[in-house]
Amino acid sequence: MKGKKKQVALLLSLIMLMTMVCGCADKATSAEMPVYETEETFVIGNWGVPPHANTGYMEYANNPDYCNVEEWTKMKDCGFNLAIPTLGTSVEEICRDLEMADEVGMKLYVRDQTDVGFETIIKYAQSMGYDYDETFALLEDKAVEIKKNIDRYKEYKSFMGVNVYDEPSTDYLDAISACQDWFLKYYPDYDFYFALLPVYARPIQLFGASDGQGYTYPDYVEQFAKIVNPPVLSYDHYPILRDYDGGAYVKEDFLYNLNVFAKQAQKSKVPVYIYLQTMGFFENLPITTYEEFAWQCYTSLAFGVKGIMCFQYWTQLQDEKYNNVRDGIVDRDGTITPLYYEVQKVFNEIKAMEDVYLHYQWDGVKTYESSRSVNEMFAQIYDQLDALHSITKVENDQDIIIGQFTDEDDNYAYMVTNATEPFEPEIANVSLTFDKDCDAVMVIKKGERSMVELKDHVLKMEIGSGEGYFVVPVK
C-alpha cells in the first residue's frame, strides 16, 4: 500500500509540474460555466418540402407522393424545425403538410394560394391599385371565407403562421401592410411572414412603379420595415457562383446585404432570417462541402441572424436543362445526398449554442484583414464598429469578422468567424487580447463549450475554414 501511495504522489507531482511548464498556453479553468435560459428558438427552415403527387414540372410532372412520415422525419433529422411548403397549396394539401409536421414535431408556415389566400388577395389588390384602406375593406368583405381556411389550419399544433408573399416590390407595400394588420387583428398569436429581395435584384424588381426616383437598396428594406412593420425581416441571398473559368467565387455583396438587414433589424427591434444556398441553379453552384455551407451560416451569425432557411431542401422537380436546377440536400426522389450530412453538422452546432447565442442581441461588426490583400467584401460594410468592447487588440493571419453582442446587463460576447473563401480551406490563427478585467472566457467551438483561462488576458484560437466560434468573457 505504501508503494502505491508513493506512486500516486509522484504522479500528482508530475501533473503539477507539467501544468506549470504548459502555463504559456490557454488552459482549462476552474471558473464556473455560465448558464443561460431563453424561450426563443433558433429558426431553421427550408423552401421545398417533400412534394405531393403530380406537383413537378415537365418530365417530372407525374411524380409520386413523397408527403409521408418517412420523408418528413428525414427532413427533421437533418436539423429543420420549420417547413415552408411552396407547392401543393390547396387547402387539402396544406392540411396534409400540417398533419405531417404534427407527426414529426415541426412548425409550418402556410402558403395558401386559393381564391381567399393572402397571396391571391395581395396580387388582386395591387393590380386594382387599392390603397391600404381599400385592401383592408376587401379583407373584411371576405373575412368569413378567409377565416374558414385559417381556422382549419389552426386545428394543427404545427401551424405557426402564414407565408404571405415572396420577394415583393414596394408596389405591394399597402396590400401587404393591410393584410398583415388584418391577420394580426384576428390571429395575434401567429406569424405573418414574407421574404424580401436581395441586393442584386434589378431596381425594377425592388421599386416597381417607383423605379428611377433615386431610391437605394437600404431604402427598399427600410420602407417595408417602417410601413409594414413586420415581426421578422427576412430575405434571400445566394452567394456562391461559377467563375468564368469554371471555379467558384463568393458574391462581394453578401456581407453588405447582411449588414443592411442587421442594421434595420436593430432599429426595428425584430429578428432577421436569411435564405442560404443549398442547391445548384442557373450559375449558382451546388454546395458540396461543410466549409461552403458553414461559411454562409457563421458569417450570417456574425451579423446577428436568428433564423436560417435553405433554398432548397428537396431538389426541384424539373430537368437540369431548365434553369440548371440540380443537387439539393436530397435528390428528386428523396435520396439523401452527401450535402445532407454536412448541413446536419452545421445545424447541430448552431442548435447546441442557441441558448447562449439567443441570450444576446447583435451590437455591430468589425472586420480584420490579413496583411495579404484587400478584401472588397469588407470595404462595403461602411458603418462598422469603431472598436470592440473589452478587446484591446486583435491579431490574425487570415481575414476574419467579429460580430459583437450584448445583453440587457451590458455583458458582451463575440462571434469570431473565419471569413476566407471556403473553396481552398485556410485555418485562421486569431489572438484576442482582452482588458484587465477578463481572465477567463467560455468558447463555443462547433457546438462544444469549454472554459479557458487566459494568460496575460490573451485568447488564442485556430478557427477552421467556414467556422465561427462564440466567445463569452467570464468575470
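Small disclaimer: the values here were computed from a predicted structure and weren't measured. (Residues numbered from 1 in each chain as written. Predicted model: local features only at pLDDT ≥ 70, side-chain atom pairs only at ≥ 80, totals over all residues. Heavy atoms only, no water.)

Enquirer: I would appreciate a short explanation of the side chain of His-52 in the present structure.
Expert: Relative to the helices and strands, His-52 resides in the loop between β2 (43-47) and α2 (69-77). Apart from residues no more than four positions distant in its own chain, His-52 is found in contact with Asn-63, Pro-64, Asp-65, Cys-67, Leu-87, Gly-88, Glu-93, Arg-96 and Asp-97. (Helix = DSSP H or I, 4+ residues; strand = E, 2+ residues; numbered from the N terminus. Contact = heavy atoms within 4.5 Å.)

Enquirer: What should I look at first to understand the packing of aromatic side chains in this one?
Expert: The final tally for this structure, using the stated rule, is 40 aromatic pairs. Look at Tyr-238 and Phe-281: their rings are 5.6 Å apart centre to centre, the planes differ by 90 degrees, and that puts the pair in the edge-to-face class. With a gap of 43 residues between them, Tyr-238 in the loop between β7 (233-236) and β8 (240-242) and Phe-281 in the loop between β10 (272-277) and α11 (290-301) connect regions that are remote in the sequence. Phe-281 carries the same exposure label as Tyr-238, and that label is buried. Just above the ring of Tyr-186 sits the side chain of Lys-147; from NZ or CZ to the centre is 3.6 Å. (Phe/Tyr/Trp six-rings, centres within 6.5 Å; stacked < 30°, edge-to-face > 60°. Buried < 20%, exposed > 50% of the residue type's maximum accessible area, 1.4 Å probe, protein only. Lys NZ or Arg CZ within 6 Å of the ring centre and 35° of its normal.)

Enquirer: Would you mind showing me how to read helix α4 (residues 118-127) here?
Expert: An α-helical segment advances 3.6 residues per turn. Residues three or four places apart therefore align on the same side. Looking at α4, one finds that the buried residues are Phe-118, Glu-119, Ile-121, Ile-122 and Ala-125. Taken end-on, α4 shows its buried residues confined to a sector of 165 degrees, consistent with a single buried face. Those residues of α4 hidden inside the fold are in contact with α5 (132-141), α6 (143-153), β5 (159-166) and α7 (173-186). Among the residues trailing α4, Gly-129 stands out with phi positive, at a value near 75 degrees. (Arc of directions from axis to C-beta.)

Enquirer: For this particular structure, what's the right way to read the packing of helix α3 (residues 91-104) against α6?
Expert: To characterise two packed helices, one gives the angle between the axes of the helices and the distance between these axes. Taken N-terminus to C-terminus, the directions of α3 and α6 make an angle of 25 degrees; their axes are 10 Å apart at the nearest point. The orientation of α3 relative to α6 falls into the category roughly parallel. Judged by the sense of rotation from one axis to the other, the crossing of α3 with α6 is right-handed. Between α3 and α6, the residues in contact are Val-91, Glu-92, Ile-94, Cys-95 and Leu-98 and Asn-149, Arg-152 and Tyr-153, respectively. Of the residues contributing to the contact of α3 with α6, the split by class is five nonpolar, one polar and two charged. (Axes fitted to C-alpha atoms, helices over the stretch in contact; angles between N-to-C directions. Parallel < 35°, antiparallel > 145°, perpendicular 65-115°, else oblique. Left-handed = near helix turned anticlockwise from the far one by under 90°. Nonpolar A, V, L, I, M, F, W, Y, C, P; charged D, E, K, R; others polar.)

Enquirer: Honestly, the side chain of Asn-284 in this entry has me stumped. Any pointers?
Expert: Assignment of secondary structure puts Asn-284 in the loop between β10 and α11. Asn-284 sits in the buried class, given a relative accessible area of 9%. Looking at Asn-284, its side chain comes within polar contact range of the main-chain oxygen of Tyr-238, at 3.0 Å. A polar side-chain atom of Asn-284 sits 3.3 Å from a polar atom in the side chain of Gln-277. For Asn-284, the residues in contact, after removing those within four places along its chain, are Tyr-238, Ile-240, Leu-241, Gln-277, Met-279 and Arg-326. (Polar contact = N/O pair within 3.5 Å; in protein donor to acceptor, adjacent residues only side chain to side chain.)

Enquirer: Teacher, can you tell me more about the pairing of β10 here?
Expert: Side chains on a regular strand alternate between the two faces of the sheet. β10 sits mainly inside the fold: six of its six residues count as buried. Both β7 and β10 contribute to a ladder of four bridges, which runs parallel. Bridge assignment links Leu-233 to a residue of β10, and that residue is Val-272. In terms of strand pairing, β10 meets strand β11 (residues 307-311) through five bridges, oriented parallel. (Pairing = 2+ DSSP bridges.)

So far we have only geometry, and geometry alone does not tell us how the molecule works.
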